[in-house]
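# A closer look at the structure
If you want the building blocks of each chain, they are given just below.
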Amino acid sequence: MNQDGYDHQSVEQRWQAAWDDDRVYRTPDSVSDPTYVLGMYPYPSGKLHMGHVRNYTITDAYARFRRMQGDNVLHPMGWDAFGLPAENAAKERDTNPRDWTFDCIDTMRGQMESMGFGYDWEREITTCTPEYYKWNQWLFRRLYEEGLVEQRDAEVNWCPDCETVLADEQVEGEAELCWRCDNPVEQRELEQWFLKITEYADELLDDLEALDGWPESVRQMQRNWIGRQYGTELTFDVEGHGPVEAFTTRVDTIYGATFFALAPDHPISQTLAAEDDEIHHFVHHEADPDGDEPNGIKTSLTATNPVTGQEIPVFVADFVLSDVGTGALMGVPGHDTRDHAFASKMGVEIIPVIAPSEDAVPDVSEGAYTDDGVLVNSDSYNGLDSETARDEITADTDVAEKTTQYRLRDWGISRQRYWGTPIPVVRCNDCGPVLVPESELPVELPAFINTTGNPLDAADEWKHTACPECGGDAVRETDTMDTFVDSSWYFLRYVSPDRSDVPFDLDRSNDWMPVDQYVGGIEHAVMHLLYSRFITKVLSDTEGLEHREPFSNLLAQGMVQLDGSKMSKSKGNVVSPQRIIEEYGADTARLFIMQAAQPERAFDWTEEGVRSTYVFLTRLWNLVNSFDPATAAGDDDSVAAYVRAEIDATIAVATEEYDSLTFNIALREAQGLVRTLRQYAEYTDPHAETFEYGLNTVVQLLAPVAPHIAESLHETLGGDGYIVDVAWPTSDADRSFAEKRRRLVQNTREDVRQIIDVAGIDNPKQIDVVVAPEWKYQALEIAVESDAPNVISEIMQIPEIRSQGDAAASYGQDLQAEREALSVGLARTDEYDALEAAAWLIEREFEAPVTVIEAAAAEQSVSKKATPGRPAIDIQE
RNA sequence: GCGAGGGUGGCUGAGCUAGGUCAAAAGCGGCGGGCUUAAGACCCGCUCCCGUAGGGGUCCAUGGGUUCGAAUCCCAUCCCUCGCACCA
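Residues numbered from 1 in each chain as written. Chains lettered and ligands numbered in written order. Predicted model: local features only at pLDDT ≥ 70, side-chain atom pairs only at ≥ 80, totals over all residues. Heavy atoms only, no water.

### Thoughts on the overall build of chain A
Helix and strand counts for chain A come out as 31 helices and 33 strands. Taken against the 2.2 N^0.38 rule, which gives 29 Å for 877 residues, the C-alpha radius of gyration of chain A at 36 Å runs more than 25% over that of a compact globule. Along the three orthogonal principal directions, the C-alpha set of chain A runs to about 110 × 75 × 50 Å. The buried share among the 877 residues of chain A stands at 55%. Across chain A, the fraction of contacts at a sequence separation of at least 24, relative to all contacts at a separation of at least 6, is 74%. Seen as two clouds, the 70 positive and the 161 negative side-chain charges of chain A have centres 5 Å apart. (Helix = DSSP H or I, 4+ residues; strand = E, 2+ residues; numbered from the N terminus. Rg over C-alpha atoms; globule rule 2.2 N^0.38 Å. Buried < 20%, exposed > 50% of the residue type's maximum accessible area, 1.4 Å probe, protein only. Contact = heavy atoms within 4.5 Å. Lys, Arg positive; Asp, Glu negative; His and termini not counted. Charge placed at Lys NZ, Arg CZ, Asp CG, Glu CD.)

Here you go:
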């Protein structure tokens, strides 16, 4: 395949070694406020996949771009090294998670290096090392001291396959499958450690508004996840069982409450189940919270509506969930779809209490009316609108109170696994749970024991210890932390990875944080990104960190697909980055991925695309290597001027696009410039300086994405030092001006083609392109500016125009006719220059001499057709 | 059901936040030509319809509306993708 291509292997190996030797990507601690570019660190599975390649190529290219623009850049990498797969792998291979993990890390680091990613490896972090996880334990202690840790029995999601607890966020879909192994999750009651993220629910929600560097979709997902709802909590008195709290967002419908419902696991339901066989049967055998049908059973009890005093029947119903609201609710079938379905099924009364207007009471017998409206059938509240009624009813009712409910739950971090951060707690018979003192951190993991249960439980020697408080016998907490704890603050550790006395250097963090550009997969939209925001806020409140958000700008990169579907091992449609690197080189892989689509979009991997990218790089290589300034003896003529203008335009466009992370457009521009340069060299002997300028520009514009070949070509072109340190090219070109020029040239060429085609001209002898006279530009400008009803009289006030006589009148009529659509384009001289410079393109195409002339020098019959932005064209056969 | 983002020429995909220069960029595919012994690569052009001097017609999911003028703004409908969902 590559016998025809450039030798990517030697090029890439050479520069990787050179960068390494010279520590090119080192960010010294002394730099001030570097641009912090970060890709989500990977779990070290042992193999880089295309998703990683895309993710890290984006950050690498952006980091290199910013560096060439003169910024100090912080671009680190590390390993999310704890986690269950290592345990499973260790069991399968009869080794231990630690060795396996470090092997994987070594392999992946090697692959990253062969991709040419410019990381500061001296800042590498690995979460499974005691040096790192010590600070997870420290964090746990700090949270504990701040009252943000709680231990409680909890119904938890238990994955029988992974033998561990999962956070709500790790349970996926309606079928409730484990996010890692896709097995159904069960419920278990266990003593768990929780981090009280709910204390920050409001701030986590409200601060999303200001995160305008984040995609709306991610912010929306977090909003949904937090799920704040304003409503009213009110007390119903349940006969014989006392007061029961119920939450509602629609207290305005309380006059329509015709039943009361309890979750099957509500304490009252449990009591009733113990006394009543039918209820027992329902609770334990019939209730199906996952089913679509609302099921329930009527009890013999009634509840007192606190507003109306009415007695309503009490049901135990499976659609009432104990972890939503209070696990009890008032049923308003007239105005809630689900309550309506239930009431219809159970034969409960349905009455309308909200109407679109007072004299349009809706028929709710067949369906609920769920909109806000005006109250009816509600005594003294009749006639009030829903919103006012909610306020007044809540205010008037002693046992009602405005409250806010959240969907967000506290973050359960206990995992019954070995390969994680030990929770720094000791259980003493006398003192209860006691925190391990800071001086004794880290609590290190004992040697791995291959067992079916939790290996920490089996590590007797490690498990039995002395109580830090009383010195008595005690046992260690054998649970480890959710690995999302590790990743909730790792971005701070990169700032000062060597500090053994603090988790992060505070002053430097205040200077370097937040991460300016964070890049990763959308799958972390809620979990990782929410936890990181939470921990950052806590550290801000407790440790003096002056930032309350960790990531200013977030890019959720799209998938790399094959034939429209996600690459996955199970489908067997995986393209190995390793193979691509070997066959085509890292630069090709990087360039292909980056030019294929916008980074947030999914795109299809195609072998053909990769090949043509490789061909492109080879062509560029040959173009640069065959260029010899000594033999390029062309003049600095109009063609050179055209090429120069194109170079400058390319710089302007590419810079803008790099800046907004739309690499695909920037790269397309750069590739287009290569084409222009090749055409130039084919057409004529190029002007050495111009051509060299073009080549240098292309190489520099490609350097962030294809750094190895760029270094080589930079060297070939006689550049000093590394291209990573070369200043990003700049130009005075204005993008919109450049685009106007391009459009003018494009339109003119098309016009010539059309004339030749339509007029059936076989063999043009001479092509004249006539630029409109100055007075027409003047007239146009006046017409655009003018508010006068008739432009003709306006422009005729200018003597120069008036002196044109009929021609002026005629053009004035044209202007008047198109009055509203007029706009000023290029100035006459700019138009002339652009056409003059582009004349060679037309000459080359039609093999006829092209002359760009001023109107004054042309035949009247031809020049009269010329208008600003539209030269007259005269073709002689 | 709720929320977010979308529906552009054979395909992919810009433009749509600042309405006119948009028959609508770019790439792919297809067609023709050049180069070549030939193929590939490369280069040039065409690729909605009609047209013997740059013209005309129809067009950007569908149907309305605003405007001198709409792919671009507004409304409604349909469809697609993603997230959440028996959430009180």
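What follows continues from the structure just given.
### A short note on the sheet that holds strand β33 (residues 872-876)
What the three strands build is an open sheet, ordered β32-β31-β33; its pairing is mixed. Looking along the sheet, the strands with just one partner apiece sit at the ends: β32 (850-854) and β33. Shown here is a sheet whose adjacent strand axes are inclined to one another by a mean of 20°, direction ignored. When strand β31 (residues 766-771) meets β33, the two strands line up antiparallel, connected through five bridges. Its bridge partner lying in β33, Q766 is registered against Q876. (Pairing = 2+ DSSP bridges. Axes fitted to C-alpha atoms, helices over the stretch in contact; angles between N-to-C directions.)

### Quick look at the protein's contact with RNA strand B
By nearness alone, 49 residues border RNA strand B, and Q229, T248, L321, R338 and Q679 come closest of all. Of all RNA strand B atoms lying within 4 Å of any protein atom, the proportion belonging to sugar or phosphate reaches 53%. Between RNA strand B and V758 there is a distance of 3.1 Å, counted from a sugar or linking oxygen to a backbone nitrogen or oxygen. Those elements giving two or more residues to the surface near RNA strand B turn out to be α7 (216-226), β11 (242-248), α20 (607-625), α22 (663-683), α25 (735-758) and β33. Of the residues forming the surface near RNA strand B, the biggest block, seven residues, is contributed by α25. Residue composition of the surface near RNA strand B, by class: 17 nonpolar, ten polar and 22 charged. (Near = heavy atom within 4 Å. Polar contact = N/O pair within 3.5 Å; in protein donor to acceptor, adjacent residues only side chain to side chain. Nonpolar A, V, L, I, M, F, W, Y, C, P; charged D, E, K, R; others polar.)

### Considering the UniProt feature "domain: Leucyl-tRNA synthetase editing" (unreviewed entry) in chain A
UniProt marks residues 223-395 with the feature "domain: Leucyl-tRNA synthetase editing" (unreviewed entry), using the numbering shown here. With 25% helix and 26% strand, residues 223-395 has its two end C-alpha atoms placed 29 Å apart. (UniProt positions renumbered as here; feature names shortened; annotations may be inferred.)

### As for the environment of H266
Along the chain, H266 falls in the loop between β12 (259-262) and α8 (267-275). Separated by 61 residues in the primary sequence, H266 and G327 place their C-alpha atoms 6.4 Å from one another. When near neighbours in sequence (up to four residues on either side) are disregarded, H266 contacts V244, T326, G327 and A328.

### A few points about the packing of aromatic side chains
For the structure shown, the criterion picks out 45 aromatic pairs. With a centroid separation of 6.2 Å and an interplanar angle of 75°, the aromatic rings of W15 and Y722 are classed as edge-to-face. One end of the pair, W15, is in helix α1 (residues 8-21); the other, Y722, is in the loop between α24 (707-716) and α25, with 707 residues separating them in the sequence. Here W15 matches Y722 in class, with each residue buried. The structure contains a cluster of three or more aromatic residues connected by ring pairs, namely Y41, Y490, F491, Y494, Y518 and F551. Against the face of W225 rests R407, its NZ or CZ located 4.4 Å from the ring centre. Directly above the aromatic system of W512 lies the positively charged group of R508, at a separation of 5.8 Å from the ring centroid. (Phe/Tyr/Trp six-rings, centres within 6.5 Å; stacked < 30°, edge-to-face > 60°. Lys NZ or Arg CZ within 6 Å of the ring centre and 35° of its normal.)

### Quick look at helix α21 (residues 638-659)
Its 22 residues place the ends of α21 32 Å apart at the C-alpha level, agreeing with the 32 Å of an ideal helix rising 1.5 Å per residue. Capping the start of α21, D637 holds a side-chain oxygen 3.3 Å from the backbone nitrogen of V639, two or three residues further along. Following α21 by one or two positions, L661 adopts a phi angle in the positive range, close to 65°. (Expected span 1.5 Å × (residues − 1).)

### A word on a negative patch on the surface
Taken together, D153, E155, E189, D265 and D323 make up a surface patch of like negative charges. On the secondary structure map, D265 appears in the loop between β12 and α8. (Patch = residues over 30% accessible without salt bridge, like charges linked within 9 Å, V, L, I, M, F, W, Y side chains within 5 Å. Areas by Shrake-Rupley, 256 points an atom, 1.4 Å probe, with all protein chains shown as cover. Salt bridge = Lys/Arg side-chain N within 4 Å of Asp/Glu carboxyl O.)

### Examining the environment of R668
Tracing the chain through its elements places R668 in helix α22. The class of R668 is exposed, set by a relative accessible area of 52%. Considered as a pair, R668 and A596 are 72 residues apart in the sequence and their alpha carbons are 9.7 Å apart.

### With respect to the sheet that holds strand β23 (residues 464-466)
Pairing in this open sheet of four strands is antiparallel, and the strands run β22-β21-β24-β23 from one edge to the other. Here the strands that pair on one side only, and so sit at the sheet edges, are β22 (432-435) and β23. Looking at each pair of strands side by side, their axes are set apart by 40° on average, direction ignored. Relative to β22, strand β21 (residues 425-428) runs antiparallel, the two sharing four bridges. In the strand pairing of β22, R427 is matched with P433.

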